[in-house]
Amino acid sequence: MDAFAYPAIPVAASAFLAWGVRGRASNVFASSIWRGARDRPAVALTFDDGPSEGTPRILEILARHQVRATFFQCGANVERLPAVARAVAQGGHGIGNHSHTHPLFCLRTPTGIEEELRRAQETIEARTGVRPAWFRAPFGARWFGLSRAQKRLQLAGVMWTAIGYDWNLKAEGVVERLAARVSNGAILCLHDGRQLRAKPDIGVTVAAVERLVPMLLDRGYKLETVSQLLCPTI
Ligand SMILES: [Zn+2]
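Residues numbered from 1 in each chain as written. Predicted model: local features only at pLDDT ≥ 70, side-chain atom pairs only at ≥ 80, totals over all residues. Heavy atoms only, no water.

Undergrad: Would you take a moment to explain the nonpolar core for this structure?
TA: Most often, soluble globular proteins have nonpolar side chains that are buried together. Counting 32 residues, the largest nonpolar core has Leu-45, Phe-47 and Leu-62 as the members making the most contacts within it. Where this core is concerned, the elements lending two or more residues are β2 (42-50), α2 (55-64), α4 (82-90), α7 (171-181), β8 (187-191) and α8 (203-218). Among the elements that take part in this core, α8 stands out by supplying six residues, more than any other. With residues near it in sequence (within four places) discarded, Leu-45 still touches Leu-62, Ala-69, Thr-70, Leu-188, Leu-190, Leu-212, Val-213, Leu-223 and Glu-224. Ranked by size, the runner-up nonpolar core spans 14 residues in total, among them Val-21, Leu-117, Phe-135 and Ala-137. (Core = buried A, V, L, I, M, F, W, Y, C linked by side-chain atoms within 4.5 Å. Buried < 20%, exposed > 50% of the residue type's maximum accessible area, 1.4 Å probe, protein only. Helix = DSSP H or I, 4+ residues; strand = E, 2+ residues; numbered from the N terminus. Contact = heavy atoms within 4.5 Å.)

Spelled out as structure tokens, the structure:
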């Protein structure tokens, strides 16, 4: 064997592991959906890490344009702001599970991972009346045990077609990024909270949504919840 081939093995293995954990289409640890059908001009706006004190500002923009989105809530944030979590449900939006405390699942035990999903599921249902059908992994990271936990809780994994980096970019950068990547069936990921932070500054997200929603409507897209996008007959 060529001696130069040796270093390639661990590099390839770690690259595979990184893709398995974070890749939007990876089924290594748990299967995830990352886009809807390409035959309809419909897209799903999704928001992670809420509810937060800023969530009502996003609800107001969505209501003004009469569109629906899906909010992947953290159980601990729902406990902190139950009225905001309920307002999301009352606005007709979808609610998904984004774990209880937003941990990085890598190196966690399967029992610990299942407990995170279960606590969030129970908290969201108790406070909003909605039992989520969709799960988005914190940091988009999947790990051993997640697949079993999702199955037991009847949760389907949802990643995204494009992510806005709204915790890092300026609003115009977020809008440009998503506008360049949107297409039929796209699932777009933004954040109405910042992990478990109280009173997070989500000004960039609000400004991006303010511009993004009319832009998507102008381009002829219908804005749907994840359930409507993935199961249009429901
Ligand atoms: Zn998150």
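Anyway, onward from the coordinates.
Undergrad: Is there a simple way to think about unusual backbone geometry in this case?
TA: Peptide bonds are mostly trans, and most non-glycine residues show a negative phi. Omega for the peptide link from Gly-50 to Pro-51 comes to -5°, which places this bond in the cis form. For Pro-51, the location among the structural elements is in the loop between β2 and α2. Positive phi outside glycine occurs at Gln-154, with the angle close to 55°. Relative to the helices and strands, Gln-154 is located in the loop between α6 (146-152) and β6 (156-158). Here the phi dihedral of Gln-195 falls at roughly 50°; this positive angle occurs in a residue that is not glycine. Positionally, Gln-195 belongs in the loop between β8 and α8. Take Gln-195: its relative accessible area is 33%, and that puts it in the partly exposed class.

Undergrad: Explain the layout of surface pockets to me, please; I cannot follow it from the model alone.
TA: A water-sized probe rolled over the atoms picks out the places where empty space is left. Considered as a void within the structure, the largest pocket measures approximately 300 Å³ in volume. Taken together, 19 residues make up the lining of the largest pocket; nearest its centre are His-102, Phe-139, Ile-163, Trp-167 and His-191. Mapped by element, the contributors of at least two residues to the lining of the largest pocket are β2 and β8. Residues that form the lining of the largest pocket fall into these classes: eight nonpolar, six polar and five charged. Along its surface, the second largest pocket is lined by 15 residues, and His-93, Gly-94, Ile-95, Trp-134 and Ser-227 are the ones closest to its centre. Those elements that place two or more of their residues in the lining of the second largest pocket are β4 (94-97) and α9 (226-230). The biggest single contributor to the lining of the second largest pocket is α9, with three residues. Taken together, the residues of the lining of the second largest pocket break down into six nonpolar, seven polar and two charged. (1 Å grid on protein atoms, 1.4 Å probe; cavity = no way out; pocket = protein on both sides within 12 Å on 5 of 7 lines; lining within 4 Å. Points joined across faces, edges and corners; volume = space filled by probe spheres on them. Nonpolar A, V, L, I, M, F, W, Y, C, P; charged D, E, K, R; others polar.)

Undergrad: How should α8 be read in this particular structure?
TA: An α-helical segment advances 3.6 residues per turn. Residues three or four places apart therefore align on the same side. Helix length check: α8, at 16 residues, gives a terminal C-alpha distance of 23 Å against a target of 22 Å (1.5 Å per residue), a fit within 8%. Burial in α8 covers these residues: Thr-205, Val-206, Ala-208, Val-209, Leu-212, Val-213 and Leu-216. At its buried positions, α8 is contacted by β2, α2, α7, β8 and β9 (222-224). (Expected span 1.5 Å × (residues − 1).)

Undergrad: Explanation requested: the coordination of the zinc ion in the structure shown.
TA: Each donor-metal-donor angle in an ideal tetrahedron of four donors is 109.5 degrees, and each such angle in an ideal octahedron of six donors is either 90 or 180 degrees. Here the zinc ion is held by the protein donor atoms Asp-49 (OD), His-98 (NE2) and His-102 (NE2), which lie 2.1 Å from it. Ordering the donors of the zinc ion by residue number gives the pattern D-x48-H-x3-H. With Asp-49 in strand β2 and His-98 in the loop between β4 and α5 (110-128), this residue pair connects regions lying 49 residues apart in the sequence. Assigned by exposure class, Asp-49 and His-98 land together as buried. (Donors = N, O, S within 2.8 Å, 3.2 Å for Na, K, Ca; no water.)

Undergrad: In this structure, what is going on with the side chain of Thr-205? I would like to understand it.
TA: Within the secondary structure layout, Thr-205 lies in helix α8. The class of Thr-205 is buried, set by a relative accessible area of 0%. Not counting residues up to four positions away in its chain, the partners in contact with Thr-205 are Phe-47, Ile-58, Asp-166, Leu-190, His-191 and Arg-194.

Undergrad: What's the story with the confidence of the model for the protein chain in this structure? I'm lost.
TA: Reading predicted coordinates in detail is not appropriate for stretches of low pLDDT. Scored by pLDDT, the protein chain has a mean of 92; 95% of the residues are at 70 or more. Of the regions scoring below 50 in pLDDT, residues 1-7 engages in one contact with residues more than four places distant in sequence or in other chains. (pLDDT = per-residue confidence, 0-100.)

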